[in-house]
Amino acid sequence: MIYWIKKISKTVSAGSFFIIFFLSLDFYDPLNTGTVAWAFFKGGGAAVLVWLCSFLLADIILKNLLEDIDDQKNDVLDDGLLQRVREEKERSKYGIQQTGKKQGTTT
């Protein structure tokens, strides 16, 4: 999966480099060394930023699409916190206290 994440990030960043590079050139004097150097640095900076953002987004999106965690496995995370929350909701829904007595009864 990391192969595809890197491939997507490289493709998007290369595209952004060329877009920024060619948009930053002076079309009246395209061989001006200062303009070409400035356009190269702007394109490189844009490519680095876009690569980082696309790497993070591709990582998040691809992992969410391809890796599915079952609810039962998810309950084990955080030391069973979600499982305890669901159990408490079920108990309160049916009026069952921790001791097994119904709520509202007196002893």
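Because the structure is a prediction, the values reported are computed rather than measured.

1. As for a nonpolar patch on the surface
Move 1: A cluster of nonpolar residues, Met-1, Leu-57, Ile-60, Ile-61, Leu-65 and Leu-66, forms a patch on the protein surface that exposes about 630 Å² of accessible area.
Move 2: By secondary structure assignment, the location of Ile-61 is in helix α2 (residues 33-66).

2. Comments concerning the pattern of salt bridges
Move 1: Taken as a whole and judged by the stated rule, the model has one salt bridge.
Move 2: Asp-59 serves as the salt-bridge partner of Lys-63, at 3.3 Å between the closest nitrogen and oxygen. With Lys-63 and Asp-59 both in helix α2 and four residues apart, this pair spans about one turn of that helix.
Move 3: The exposure class assigned to Lys-63 is partly exposed, which follows from its relative accessible area of 36%.

Rules of the game
Residue indices follow the written sequence of each chain, beginning from 1 at its first position. Thresholds applied to this predicted model are a pLDDT of at least 70 for local features of residues and 80 or more for the giving and counting of side-chain atom pairs; totals over whole chains, interfaces and linings are not thresholded and use all residues. Each side-chain value is worked out from all heavy atoms of the structure, with water and hydrogens disregarded. A patch consists of residues whose relative accessible area exceeds 30% and which take part in no salt bridge; residues with like charges are grouped when within 9 Å of each other, and nonpolar side chains (Val, Leu, Ile, Met, Phe, Trp, Tyr) when within 5 Å. Each accessible area is a Shrake-Rupley result for a 1.4 Å probe, and residues are judged covered by the shown protein chains and nothing else. For salt bridges, the criterion is a side-chain nitrogen of Lys or Arg within 4 Å of an Asp or Glu carboxyl oxygen. Helix and strand labels come from DSSP, where a helix needs a run of H or I of at least four residues and a strand needs a run of E of at least two; each type is numbered from the N terminus. Buried, partly exposed and exposed residues are distinguished by accessible area as a fraction of the type maximum, computed with a 1.4 Å probe on protein chains only: under 20%, between the cut-offs, and over 50%, respectively.

Shape is all these values report; function is a separate question.
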